[in-house]
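Per-entry structural report
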Amino acid sequence: MPVQRTLSIVKPDAVEKNVIGDIIRRFEENSLSIIGAKMVHLSAAEAGRFYAVHAQRPFYKDLCAFMSSGPVLAMALEGKNAVTLNRQLMGATNPKEADAGTIRADHAASIDANAVHGSDSEENAAIEIGFFFPDLELHSKA
Ligand code: ADP
Ligand code: MG
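Conventions we followed
- Residues numbered from 1 in each chain as written.
- Chains lettered and ligands numbered in written order.
- Predicted model: local features only at pLDDT ≥ 70, side-chain atom pairs only at ≥ 80, totals over all residues.
- Heavy atoms only, no water.
- Near = heavy atom within 4 Å.
- Polar contact = N/O pair within 3.5 Å; in protein donor to acceptor, adjacent residues only side chain to side chain.
- Areas by Shrake-Rupley, 256 points an atom, 1.4 Å probe, with all protein chains shown as cover.
- Nonpolar A, V, L, I, M, F, W, Y, C, P; charged D, E, K, R; others polar.
- Helix = DSSP H or I, 4+ residues; strand = E, 2+ residues; numbered from the N terminus.
- Contact = heavy atoms within 4.5 Å.
- Salt bridge = Lys/Arg side-chain N within 4 Å of Asp/Glu carboxyl O.
- Buried < 20%, exposed > 50% of the residue type's maximum accessible area, 1.4 Å probe, protein only.
- Phe/Tyr/Trp six-rings, centres within 6.5 Å; stacked < 30°, edge-to-face > 60°.
- Arc of directions from axis to C-beta.
- Pairing = 2+ DSSP bridges.
- Axes fitted to C-alpha atoms, helices over the stretch in contact; angles between N-to-C directions.

Around ligand 1, a shell composed of Lys 11, His 54, Phe 59, Leu 63, Arg 87, Thr 93, Arg 104, Ile 111, Asp 112 and Asn 114 is seen. Asp 112 places a main-chain nitrogen or oxygen 3.4 Å from an oxygen atom of ligand 1. Side-chain polar atom of Asn 114 to an oxygen atom of ligand 1: 2.9 Å apart, as the coordinates give it. Protein burial of ligand 1: of its 520 Å² of free accessible surface, 78% is covered by the chains. Residue composition of the shell around ligand 1, by class: three nonpolar, three polar and four charged.

Encoded structure:
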């Protein structure tokens, strides 16, 4: 399996709930290394740029409002099969459909406030990591 990078965001609801540590523990216990991390409070416009791919979706405005409602922790993760592994650890977008033991099953309250973001492909991971991190702030172990 290839070593990949992916972007994780601990969303405002999970930051507010004090579960950053629990989420990071799951990554580290599953051989994903944090090679970049920063806490930021996005403006609605910045959240809109990050989620531009969803601009035509009915939930876009609410999504941007939610993602700019408080600070988030953005992390670049690195490890074997990182994109898919992170998505497995996250669970389904709608926490009602998320497998038991996933981050969203344990910490998400709704499809809006669903605790974490994770890149959905290696291509998007590169774009999303670049949104938050210049190369100088990434510390690869690979
Ligand atoms: P994921 O975060 O699992 O990759 P998507 O990329 O489809 O999911 O959507 C981005 C985010 O937009 C979701 O995490 C969720 O917070 C929100 N979202 C997605 N679908 C809906 C929906 N039907 N209603 C409200 N919010 C949604
Ligand atoms: Mg997505």
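On to the environment of Phe 27, then. In this structure, Phe 27 sits in helix H2 (residues 20-29). Spatially, the C-alpha atoms of Phe 27 and Asn 94 are 20 Å apart, while their sequence positions differ by 67 residues. Other than its neighbours up to four places away in sequence, Phe 27 contacts Ser 8, Leu 32, Met 75, Leu 77, Asn 86, Leu 89 and Ile 103.

The next thing to look at is the pattern of salt bridges. According to the stated counting rule, one finds six salt bridges in the structure shown. Of the charged contacts, one joins Asp 22 and Arg 26 as a salt bridge, the two residues approaching to 2.8 Å between their closest N and O atoms. Highlighted residues: Asp 22 and Arg 26, both in helix H2, separated by four residues, approximately one helical turn. Of the charged contacts in the structure, one is a salt bridge between Glu 137 and Lys 38, with a shortest N-O distance of 2.8 Å. Taken as a pair, Glu 137 in the segment after helix H7 (122-132) and Lys 38 in strand E2 (residues 33-40) lie far apart in primary sequence, 99 residues in all. Given a relative accessible area of 34%, Glu 137 falls into the partly exposed group.

Attention now goes to the packing of aromatic side chains. Inspection of every chain in the model, using the stated rule, returns five aromatic pairs. An angle of 55° between the planes, with centres 5.6 Å apart, marks the rings of Phe 50 and Phe 132 as tilted. One end of the pair, Phe 50, is in helix H3 (residues 44-50); the other, Phe 132, is in helix H7, with 82 residues separating them in the sequence. According to the relative accessible area criterion, Phe 132 is buried, its value standing at 7%. In this structure an aromatic cluster arises from ring pairing among Phe 50, Tyr 51, Phe 131, Phe 132 and Phe 133.

This paragraph deals with helix H4 (residues 60-67). In an α-helix, one full turn covers 3.6 residues, which means residues spaced three or four apart are oriented alike. Considered for burial, the residues of H4 that qualify are Leu 63, Cys 64, Phe 66 and Met 67. For H4, the angular spread of the buried residues around the axis is 165°, confining them to a single face. Of the exposed residues in H4, the ones pointing more than 90 degrees away from its buried face are Lys 61 and Asp 62. Tucked into the core, H4 has its buried residues touching strand E1 (3-10), helix H1 (12-16), H3 and strand E3 (72-80).

Glancing now at the environment of Glu 97. Its location among the elements puts Glu 97 in the loop between helix H5 (82-90) and helix H6 (103-107). According to the relative accessible area criterion, Glu 97 is exposed, its value standing at 56%. Sequence separation between Glu 97 and Ile 24 is 73 residues, and the spatial gap between their C-alpha atoms is 22 Å.

This part takes up the sheet that holds E2. Read from one edge to the other, the open sheet built from four strands follows the order E2-E3-E1-E4, with strand pairing classed as antiparallel. If you trace the sheet from one side to the other, it starts and ends with E2 and strand E4 (116-118), each paired once. Neighbouring strand axes in the sheet, compared pairwise and without regard to direction, differ in orientation by 20° on average. As defined by bridge partners, E2 adjoins E3 across seven bridges and the pair is classed as antiparallel. Residue pairing for E3: Ile 34 is matched across the bridge by Leu 77.

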